[in-house]
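Descriptive structure summary
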Amino acid sequence: MANRDYYEVLGVSKGASKDEIKKAYRRLAMKNHPDRNPDDEAAEARFKEASEAYEVLSDDRKRQAYDQFGHAGLGGAAGGGAGAGAGGFGDIFGDIFSDIFGGGMGGGRSRASRGADLRYDLDLDLETAIDGDTVEIRIPTLEECGSCDGSGAEADSPVDTCGTCQGVGQVRIQQGFLSIQQTCPDCHGSGKKVRNPCKKCGGEGRVQSSKTLSVKVPPGVDNGDRIRLGGEGEAGEMGGPAGDLYVQINVRPHEFFVRDGNNLRANVPVDMITAALGGEIDVPTLKGKVSLRIPPETQSGKTFRLRGKGVQSVRTSSPGDLLCKVSVETPVNLNAKQKSLLEELRESLDSSGRSHSPATTSWLDKAKRFFNEHLG
């Protein structure tokens, strides 16, 4: 098996590029790896053969010697299957799958990392949310330590290269047939080890603090809207950029109005006499009170629309409407004379031979049919 042509093993031509060789090997390795083919000796043999071929053809020096002298030109530098399939395979396989797991398997990474984004819940009354305002907020945060300028070390104290990761900030571990790179557990990705930690921040490079910010609330914001303040989040580690602050809008319940998109909804109580005879009532809006005309014989649940008295949101150019839902109110605390007058009214209505309560009459007719059909 060791004498098979390596190009034939990978199924590529002698003029194949490095990318073509890598793709061919990746396909064969994924297909034949022992973890995917337990107890399949033939698959294991193909896997070792492909690994051996890739080890040679991916190395310019070995490939040149192989192209000129064949297997004899390698002088024991490859072959035998064990080196490529076991001890040396981790590096090869890590390089193959570096593009899958984020790139740079074995390469360095930035030692400075961006700070975390923060969220602040801002409670507003409805009027402020609709009209807009500038609001001051105070937030706890992590800021760059002023004593060490974010380095984590006392002034003039040396900072050593981490011995675990050799300053890379990451270490490689083997999991099954994959070589995976993780943040170094000793330096937490910084690549450095501080000899004398800064007394103010304890070597973290950041300190707990709080700050006051002015938030410009645009007119028309609603529940769930977010305002982004760039760079006002937590300070980055090791001098990295700060994260962002997201201000989450929460609008408090209003005593009159409920917001529904660009519209406002309000329940408007109307006395029985006005609902029956008609009239006008004063209705509050966000810009002052307006007169709402109640036509005669208005029923409870009727909704009237006051155009343009709603909300102009941040996403639209025109305001919505105010929707007033009428709730007809039954009189209470009646004296004897008032009760007598209502009795006279009822007698008059009953003797008129006409229906004065359409909803009640309809409901009673349905009830009678139900009794006759199901209980008759």
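Let me begin by describing the structure that accompanies this report. Numbers given for residues are sequential positions, taken from 1 along each chain in its written order. The predicted origin of the model limits local features to residues at a pLDDT of at least 70 and limits the giving and counting of side-chain atom pairs to 80 or more, whereas totals for whole chains, interfaces and linings rest on all residues. Note: side-chain values were computed over all heavy atoms of the structure, leaving out hydrogens and water.

1. Brief notes about the overall build of the protein chain
The way it works is that DSSP assigns letters per residue, a run of H or I at least four long becomes a helix, a run of E at least two long becomes a strand, and they are numbered from the N terminus. Regarding its fold elements, the protein chain presents 10 helices and 15 strands. Among the 376 residues that make up the protein chain, the fraction classed as buried is 35%. Residue contacts follow a heavy-atom distance rule, with two residues in contact if any of their heavy atoms lie within 4.5 Å. A sequence separation of at least 24 residues applies to 64% of the contacts in the protein chain between residues at least 6 apart. Buried means the residue's accessible area, taken with a 1.4 Å probe over protein chains only, is under 20% of the maximum for its type, while exposed means over 50%, and partly exposed covers the values in between.

2. Structural notes on the pairing of strand β11 (residues 263-271)
Two strands qualify as a pair provided DSSP detects at least 2 bridges between them. One ladder, built from 3 bridges, connects strand β10 (residues 258-260) with β11; its direction is antiparallel. Residue pairing across strands places D260 opposite N263, the latter belonging to β11. Between β10 and β11, which follow one another and run antiparallel, lie 2 residues, and G261 among them has a positive phi close to 70 degrees. Judged from the 8 bridges that link them, β11 and strand β15 (residues 322-329) form a sheet pairing that is parallel. Along β15, the bridge assignment pairs D271 with E329.

3. Quick word on the sheet that holds β10
Taken in spatial order, the 4 strands line up as β10-β11-β15-β14 in an open sheet, and their pairing is mixed. Looking along the sheet, the strands with just one partner apiece sit at the ends: β10 and β14 (303-306). Mean inter-strand twist for the sheet, computed between neighbouring axes without regard to direction, equals 35 degrees. What counts as an axis is a line fitted to C-alpha atoms, over the stretch in contact for a helix, and the angles between N-to-C directions run from 0 to 180 degrees.

4. Some thoughts on the sheet that holds strand β8 (residues 226-229)
In spatial order, the strands read β1-β9-β8; together these 3 strands make up an open sheet with mixed pairing. Each edge of the open sheet carries a strand with a single partner, namely β1 (118-124) and β8. On average, each strand axis in the sheet is tilted by 25 degrees relative to the strand beside it, whichever way the strands run. Inspection of the sheet shows β8 paired to strand β9 (residues 245-251) by 4 bridges, in the antiparallel sense. In the strand pairing of β9, L229 is matched with L245.

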